[in-house]
Amino acid sequence: MTAPMPVRPPEPPEKAPPPAGPDQAARPAAGARRPSRLLAPLRETGKLFALAVAVARAIFRRPFQVREFIEQFWFVASVTILPAALVSIPFGAVIALQVGSLTQQLGAQSFTGGASVLAVIQQASPLIVALLISGAAGSAICADLGSRKIREELDAMEVMGVSPVQRLVVPRVLATMLVAVLLNGLISVVGTLGGYFFNVIMQDGTPGAYLASFSALAQLPDLYISEFKALVFGFIAGIVAAYRGLNPRGGPKGVGDAVNQSVVITFMLLFFVNMVLTAIYLQIVPAKGS
């Protein structure tokens, strides 16, 4: 007869861990390092430059989205041509009136035409183009890409092996660059004509002195730097709008915030780049007659 097996007493149930309070829930796990907020602008700047490099590389890849490029070019041109023509007239008039008043005080009224035209071509025209491209076309590009992002269309494209940068971003950036160059020529002509009209009609200037001072002070590199500025500004406006559109935060509200941020960031970059390009140009290209 076998002895009965000893019965093991049941183990006491384990105590459930106490519920985490609000302080413990917000506290990161041991060993996890929270990213510094001070480095966030640097990370965003690095991502923006990475997108610019990716777009520059994708421009030369095949297939090129010709239809998308034509549609975006027509859209950007249609929303910026009329405002550009209307804005360039008062800009040219204000510059001509201000320069004319200053030259009258200095006794150099014969140089009004050359000074005002140079100010319009070198500074006012590229900046007007940049502000219109970023405010009208850039905001629309950012909203379009942001809405596609929150609807997960861009993720679906990546799953199918289609690059959103090559398919959507490259045609939009090229369209903004080409429209910016063409608009710069339009604004230069309209602004110059507006300055000529206000100087001759309202300040009793002579047409011959206006044209003679322009030919005496202006040179062909002034037009080159103006077109180059417009090209660079169009590229910056397209890249910033695409970057903010590809990285919205917080659903539909985040798309609206991204549009506002893209316009503000573009304005800041444009004024800084304009200062750098102007300083380099004035150091490299000597003034006419010097």
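Quick note: structure is the one above.
Think of each chain on its own: its residues are numbered from 1, step by step along the sequence as written. It should be noted that, the model being predicted, local features are given only for residues of pLDDT at least 70 and side-chain atom pairs only at 80 or more, the latter also being counted only at that level, while totals for whole chains, interfaces and linings use all residues. Hydrogens and water molecules were not included; the side-chain quantities draw on all heavy atoms of the structure.

1. So, the overall build of the protein
Convention followed: Think of it this way: any DSSP run of H or I at least four residues long counts as a helix, any run of E at least two long counts as a strand, and we number them from the N terminus. Partly exposed residues are those whose accessible area sits between 20% and 50% of the maximum for their type, while under 20% is buried and over 50% is exposed, using a 1.4 Å probe and protein chains only. In what follows, a contact means two residues having at least one pair of non-hydrogen atoms within 4.5 Å. Note on areas: these come from Shrake-Rupley sampling with a 1.4 Å probe, and a residue is covered only by the protein chains present in the view.
Counting its regular elements, the protein contains 9 helices and 0 strands. Among the 290 residues that make up the protein, the fraction classed as buried is 39%. Within the protein, contacts between residues separated by at least 24 positions form 85% of all contacts whose residues are at least 6 apart in sequence. For the protein, the computed accessible surface area is about 17200 Å², with 69% contributed by carbon and sulfur atoms.

2. Some details on the packing of aromatic side chains
Each aromatic ring pair is characterised by the separation of its centres together with the angle its planes make. Condition: Note on ring pairs: Phe, Tyr and Trp rings are taken, using the six-membered ring of Trp, and paired if centres are within 6.5 Å. Classes follow the plane angle, with under 30 degrees stacked, over 60 edge-to-face and the rest tilted.
Considering all chains together, one arrives at 2 aromatic pairs under this definition. When the ring of Phe 64 is compared with that of Phe 69, the centres are 6.0 Å apart and the planes differ by 55 degrees; the resulting orientation is tilted. Among the aromatic side chains, those forming a connected cluster through ring pairs are Phe 64, Phe 69 and Phe 73.

3. Points about the packing of helix H6 (residues 164–202) against helix H8 (residues 220–246)
A pair of packed helices can be characterised by two numbers: the angle between their axes and the separation between those axes. Which entries qualify depends on this criterion: The convention used is that axes are lines fitted to C-alpha atoms, helices contributing only their stretch in contact, and that angles between N-to-C directions extend from 0 to 180 degrees. Left-handed is the label given to a crossing in which the near helix is rotated counterclockwise from the far helix by less than a right angle, and right-handed is the label when the rotation is clockwise. Think of it as three bins: nonpolar holds Ala, Val, Leu, Ile, Met, Phe, Trp, Tyr, Cys and Pro, charged holds Asp, Glu, Lys and Arg, and polar takes everything else, Gly as well.
H8 packs onto H6 with a crossing angle of 145 degrees between their chain directions and a minimal axis gap of 8 Å. The element H6 and its partner H8 pack so that their crossing is right-handed. Here Val 169, Val 173, Thr 176, Met 177, Ala 180, Val 181, Asn 184, Gly 185 and Ser 188 of H6 lie close against H8, whose contacting residues are Ser 226, Glu 227, Ala 230, Leu 231, Gly 234, Phe 235, Gly 238, Ile 239, Ala 242 and Leu 246. Taken together, the residues that form the contact of H6 with H8 break down as 11 nonpolar, 7 polar and 1 charged.

4. Thoughts on the pattern of salt bridges
So the rule is basically this: Salt bridges are counted wherever a side-chain nitrogen of Lys or Arg sits within 4 Å of a carboxyl oxygen of Asp or Glu.
Taken as a whole and assessed by the stated rule, the structure comprises 8 salt bridges. The closest approach of N and O atoms between Arg 148 and Asp 144, which form a salt bridge, is 3.2 Å. With Arg 148 and Asp 144 both in helix H4 (residues 112–150) and 4 residues apart, this pair spans about one turn of that helix. With a relative accessible area of 24%, Asp 144 lands in the partly exposed category. Salt-bridge contacts for Arg 148 lead to Glu 153; the nearest nitrogen and oxygen are separated by 3.6 Å. Overlapping salt bridges, with partners in common, bring together Glu 68, Asp 144, Arg 148, Arg 151, Glu 153, Arg 167 and Arg 172 in one network.

5. Some remarks on unusual backbone geometry
The linkage connecting Arg 62 with the following residue, Pro 63, adopts the cis geometry, with an omega of 5 degrees. Within the element layout of this structure, Pro 63 appears in the loop between helix H2 (40–58) and helix H3 (66–106).

6. As for the nonpolar core
Quick note on the threshold: Nonpolar cores were defined as sets of buried Ala, Val, Leu, Ile, Met, Phe, Trp, Tyr and Cys residues, with membership established by side-chain atoms within 4.5 Å.
Counting residues in hydrophobic clusters, the biggest one holds 35 residues, and the most contacted among them are Leu 51, Val 55 and Val 169. Elements represented by at least two residues in this core include exactly H2, H4, helix H5 (153–159), H6, H8 and helix H9 (251–284). Sort the elements by how many residues they give to this core and H8 lands first, with 9 residues. Judged by nonpolar contacts, the second largest core, of 14 residues, contains Ala 77, Val 179, Ala 180 and Ile 187.

7. Points about H2
Here is the rule: Here the expected length of a helix is defined as 1.5 Å per residue gap, with one fewer gap than residues. Note that the arc is computed from the directions linking the helix axis to the C-beta atoms.
Its 19 residues place the ends of H2 27 Å apart at the C-alpha level, agreeing with the 27 Å of an ideal helix rising 1.5 Å per residue. Inspection of H2 places Leu 48, Leu 51, Ala 52, Val 55 and Ala 58 among the buried residues, and these make up the whole buried set. Down the axis of H2, the smallest arc covering the buried residues is 135 degrees, so these residues share one side. Turned more than 90 degrees away from the buried face of H2 sit Leu 42, Phe 49 and Arg 57, all of them exposed. As for H2, its buried residues are in contact with H6, H8 and H9.

8. Description of a nonpolar patch on the surface
The following threshold applies: Like charges are joined within 9 Å and nonpolar side chains (Val, Leu, Ile, Met, Phe, Trp, Tyr) within 5 Å, but only among residues with over 30% relative accessible area and no salt bridge; these make up the patches.
A contiguous nonpolar surface patch, about 490 Å² in accessible area, is contributed by Phe 272, Met 275, Val 276, Ile 280 and Ile 284. By the element assignment, Phe 272 lies in helix H9.

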